[in-house]
Amino acid sequence: MAIASHLPILTVLIAAFQLWNPTSAVLLTVSTGSGQPLSPLLHGLMFEDISHSIDGGLHGQLLRNNGFQGDNSSTQFWAAYGNSQISQDFVNPLTSAIKSTLRISVPSGATGLTGVTNEGYLGITITPGLYTSSFFIKGDYNGDITIRLKGKTSGIQYACGTVTINSASSNFTQYSVDMWTSEAPDAENVWLLEFDASQIAGSSLNIGLPQLFPPTFKGRENGLNPKLANPLFELQPTFLRFPGGNNLEGGRVNSRWKWNETLGPVEDRPGRQGTWGYPNTDALGLMEYLYWCEDMFMTPVLAVWAGLAFEEDAVVGDALEPFINDALAEIEFVIGDTTTPGGAWRASLGHPTPFDLKFVEIGNEDNLGGVGHPGCPSYPERVSRFNKAIKERFPSITVIASTADKSCLPNPIPDGLWLDYHNYNIPENYVLGFTEFDSWDPAHPILIGEYARWGTPYPDMQGACSEAIYMMGWERNPQIVKMAAYAPTLQLVDTSGWQWTPNLISFTQNPGHVIKSTSWHVLKMFSTNKADTVLPVTSDSQPGPVYWSASRKGDDRYIIKLANYSDDLQVVYITIPGQTTGWYTAISAAADDQNTLANPNVAQPNSWTETATDGIFRVEVGRWGVAVLVAI
């Protein structure tokens, strides 16, 4: 049941309205009494490796194809430097997980400096700071190896570090070097490993799993790239749904995301062929996701594989049991105490205290997919079996079904089961979504696990405005909508073609090329103005083109959210009894305006102080605009 929005206007507000006599205005009066509690987890993040959002994006490691992982590995993105040749060597694997290494062969009689370069993920970002590079080496070599960061064509050097090597042909040894960097103007840079060719002339060296890290978010080892972590942290997200998304499922059962293969030293992680067409290193694994949650104060929403891969039949019946047990083992790893096998394993990796896991989702979009055995018909059985096993073993966990399609759910739906509702749509339907949840059954709250306006390369202002209206619909129904996340979150812009659009944030490897979209700005306006209680609003108008919601944080902080789904400026008068001053933030632009790589700041919010006159705030909401008034 929705909070009331259309009740008779107060006499005093009518009088004020008539006195000012605006030609077109909406009059709102916000109740300062009781309301309904809002979910404290409403605005969060959904994440998977799509469009190089992890490898080449959020994960800090900058070298591409450093472990020769995936189905069709090669020496792509590597190049010989000086008098040498390179090849992929399967005879000298680094570990049982990293099954090949890079062989650098030097011809007899060679002199001077030689080595190998890596071009990164469409380039390498070099900003001022302390970068760290590491590598494993095998081969008879005693002397210096130098790591340089330099312009690919300009040759300008931006960092240099040297380490003395004493390696043998019998085993791999790991070395690392720290380098202070100066800023490169663009991403046209390479990582160069350089050594004395005369020492290896007529022989070879093997290099295994080289890595390059900038300073990481909060200094985490194997951590996140601050370039992208910081704008996510700015949103003050409350939860993280991971590891997908379709990338959880895999094309085949054996290529699903396997949590236990993402743990421990990165040289022991085999990686896999990701769902979105490129290899995944899994260097951002289960522990890194959980540390990310801790570092950004987010609640984890852990998705477990539920028997559905894209290119194979769904797993059903007794064949599900190993995968149910695997999910139970994963949950035990996350929250088990150190007397359990999972908890002991987690403790051995440096985190004896259980993580704060409260939500587990069974699969992803199991209403779709599956060859010959579609996900929907088999999901009632699959979700029932997972739900029963999880609740028996971990009764405090809230279990979430991966679909809200009732034809794909058990009948009746098990008590306490939440539902995940994905809604990619056009702006007009998000406007209709203002009242979409008014009649939903509160017995089964929902996570809106993925939403975004469709049909544009970047989010536009009309779409962002419609998303704001949709978000207000969630606030109108706090007993229904508990969590929501825009998707996809990040995209490395590849000029060879778009993989998925639009995205919340687009980026390149050039310094400063992080595009905060119109949707990002609107989401930030909502997510950073959290409240405890949604409040009734009385108005003389029906919603449209102006839409609104009102809430309160604590006893005296009132938050009014507004959206103007039209091409005309709208005036809104707001009465909040007892409140006389407020902080107003607004964003507005033409309907199709987008923040793009070429023009990243077309639409930006502005903020200023507003003062009530005779107890009434007068605010303006520009065309296709979104605004937030915080009255204290």
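Above this note sits the structure.
From a predicted model like this one, the values you see are computed outputs, not experimental measurements.

> Can you lay out the nonpolar core for me, pointing to particular residues and giving the numbers?
Ranked by size, the top nonpolar core spans 122 residues in total, and within it L286, W292, I362, I448, W474 and V626 carry the most contacts. If one sorts the elements of this core by residue count, helix α10 (residues 461-476) sits on top with 9 residues. Each residue touching I448, except ones within four places of it in the same chain, is listed here: D420, Y421, F437, Y470, W474, V481, M483, A484 and A485. The next biggest cluster of nonpolar side chains, apart from the first, holds 34 residues, and it includes I104, Y131, I145 and Y175.

> Residues and numbers for the environment of E475, please.
Within the secondary structure, E475 sits in helix α10. With a relative accessible area of 2%, E475 lands in the buried category. Considering only alpha carbons, one finds E475 and T533, 58 residues apart in sequence, at a separation of 9.2 Å. When near neighbours in sequence (up to four residues on either side) are disregarded, E475 contacts L38, L42, F526, V534, S549, S551 and K561.

> A description of helix α7 (residues 341-348) should follow, citing residues and the corresponding values.
What α7 keeps buried is the set G342, G343 and R346. Looking down the long axis of α7, one finds its buried residues gathered within 95° of arc, a one-sided arrangement. Those residues of α7 that are exposed and angled more than 90 degrees off the buried face are P341 and S348. Buried-residue contacts for α7 involve α5 (286-295) and α6 (321-335). Looking one or two places after α7, you find G350, whose phi comes out positive at around 105°.

> Just give me the short version of the pattern of salt bridges, but keep the residues and values in it.
Under the counting rule described, the total for this entry stands at 23 salt bridges. Residue R241 is joined to E450 by a salt bridge in which the shortest nitrogen-to-oxygen separation is 3.2 Å. In this pair, R241 is assigned in strand β14 (residues 239-242) and E450 in strand β21 (residues 446-453), connecting sequence segments 209 residues apart. Each member of the pair, R241 as well as E450, carries the same accessibility label: buried. Taken together, the salt bridges that share partners define one network made up of R241, E361, D420 and E450.

> Help me get a handle on the sheet that holds strand β8 (residues 129-138), residues and values and all.
For sheets, the rule is that strands pair by backbone hydrogen bonds, running either parallel or antiparallel. Pairing is antiparallel in the open sheet, where 5 strands are placed in the order β5-β6-β13-β8-β11. Each edge of the open sheet is held by one strand with a lone partner, namely β5 (85-89) and β11 (173-181). Strand-to-strand twist of the sheet, defined as the mean angle between neighbouring strand axes without regard to direction, takes the value 35°. Both β8 and strand β13 (residues 203-213) contribute to a ladder of 6 bridges, which runs antiparallel. Residue pairing across strands places I137 opposite I207, the latter belonging to β13.

> I'd like a description of the side chain of R241, backed by residues and values.
Among the residues examined, R241 registers a relative accessible area of 0% and is labelled buried. At a separation of 2.9 Å, a polar atom in the side chain of R241 contacts the side chain of E361. Look past the residues within four positions of R241 in its chain and what remains in contact with it is L45, M46, F47, V301, E361, N364, D420, H422, L447, G449 and E450.

> Any chance you could break down the state of the cysteines for me, citing the residues and the numbers?
Scanning all chains against the criterion turns up 1 disulfide. In this model, C376 is linked to C408 through a disulfide, with the two sulfur atoms separated by 2.0 Å. For the disulfide bridge between C376 and C408, the dihedral angle about the S-S bond is near -100°, and by the sign convention the bridge is left-handed. With C376 in helix α8 (residues 375-393) and C408 in the loop between β19 (398-401) and β20 (418-425), the pair connects residues that are 32 residues apart, well separated along the chain. A relative accessible area of 1% means that C408 is categorised as buried.

> Explain the sheet that holds strand β27 (residues 537-539) to me, using residue names and the numbers behind them.
Reading across the sheet, the 4 strands line up as β27-β1-β30-β33 and stay open at both edges, with mixed pairing between neighbours. Both edges of this open sheet fall to β27 and β33 (616-621), since each of them pairs with a single strand only. Neighbour-to-neighbour, the strand axes of this sheet turn through a mean angle of 25°, independent of strand direction. Both strand β1 (residues 25-30) and strand β30 (residues 570-575) contribute to a ladder of 5 bridges, which runs parallel. Bridge pairing in β30 places V26 opposite V572.

> Before we move on, can you summarise α6 with the specific residues and values?
For an α-helix, the turn length of 3.6 residues means that residues three or four places apart are oriented alike. In this model α6 runs 21 Å from its N-terminal to its C-terminal C-alpha over 15 residues, within 8% of the 21 Å that 1.5 Å per residue would give. Every buried residue belonging to α6 is among F323, I324, A327, L328, E330, I331, E332, F333 and V334, and all of these are buried. Those residues of α6 hidden inside the fold are in contact with α5, β17 (299-304), α7, β18 (359-362) and α8.

> I'd like a description of the packing of α6 against α7, backed by residues and values.
Interaxial distance between α6 and α7 falls to 7 Å at its minimum, and their mutual angle equals 50°. With respect to their mutual orientation, α6 and α7 come out oblique. The element α6 and its partner α7 pack so that their crossing is right-handed. On the side of α6, the interface is formed by E332, F333, V334 and I335, while α7 contributes P341, G342, G343, W345 and R346. When grouped by side-chain class, the residues that make up the contact of α6 with α7 number 5 nonpolar, 2 polar and 2 charged.

> Describe the environment of L248, listing the residues and the values that go with them.
By the secondary structure assignment, L248 is in helix α4 (residues 246-249). Those residues in contact with L248, other than ones at most four positions away along the chain, are P243, R256, W257, R272, A303, V304, W305, G363 and N364.

> Residues and numbers for the packing of aromatic side chains, please.
Taken as a whole and assessed by the stated rule, the structure comprises 30 aromatic pairs. Relative to F355, the ring of Y291 lies with its centre 6.0 Å away and its plane at 80°, an arrangement referred to as edge-to-face. Note that Y291 is positioned in helix α5 and F355 in the loop between α7 and β18, a separation of 64 residues in sequence. Judged by its relative accessible area of 5%, F355 is buried. The lysine or arginine in question, R256, covers the ring of W305, its NZ or CZ lying 5.4 Å from the ring centre.

How each quantity is defined
Residues numbered from 1 in each chain as written. Predicted model: local features only at pLDDT ≥ 70, side-chain atom pairs only at ≥ 80, totals over all residues. Heavy atoms only, no water. Core = buried A, V, L, I, M, F, W, Y, C linked by side-chain atoms within 4.5 Å. Buried < 20%, exposed > 50% of the residue type's maximum accessible area, 1.4 Å probe, protein only. Helix = DSSP H or I, 4+ residues; strand = E, 2+ residues; numbered from the N terminus. Contact = heavy atoms within 4.5 Å. Arc of directions from axis to C-beta. Salt bridge = Lys/Arg side-chain N within 4 Å of Asp/Glu carboxyl O. Pairing = 2+ DSSP bridges. Axes fitted to C-alpha atoms, helices over the stretch in contact; angles between N-to-C directions. Polar contact = N/O pair within 3.5 Å; in protein donor to acceptor, adjacent residues only side chain to side chain. Disulfide = S-S within 2.5 Å. Expected span 1.5 Å × (residues − 1). Parallel < 35°, antiparallel > 145°, perpendicular 65-115°, else oblique. Left-handed = near helix turned anticlockwise from the far one by under 90°. Nonpolar A, V, L, I, M, F, W, Y, C, P; charged D, E, K, R; others polar. Phe/Tyr/Trp six-rings, centres within 6.5 Å; stacked < 30°, edge-to-face > 60°. Lys NZ or Arg CZ within 6 Å of the ring centre and 35° of its normal.

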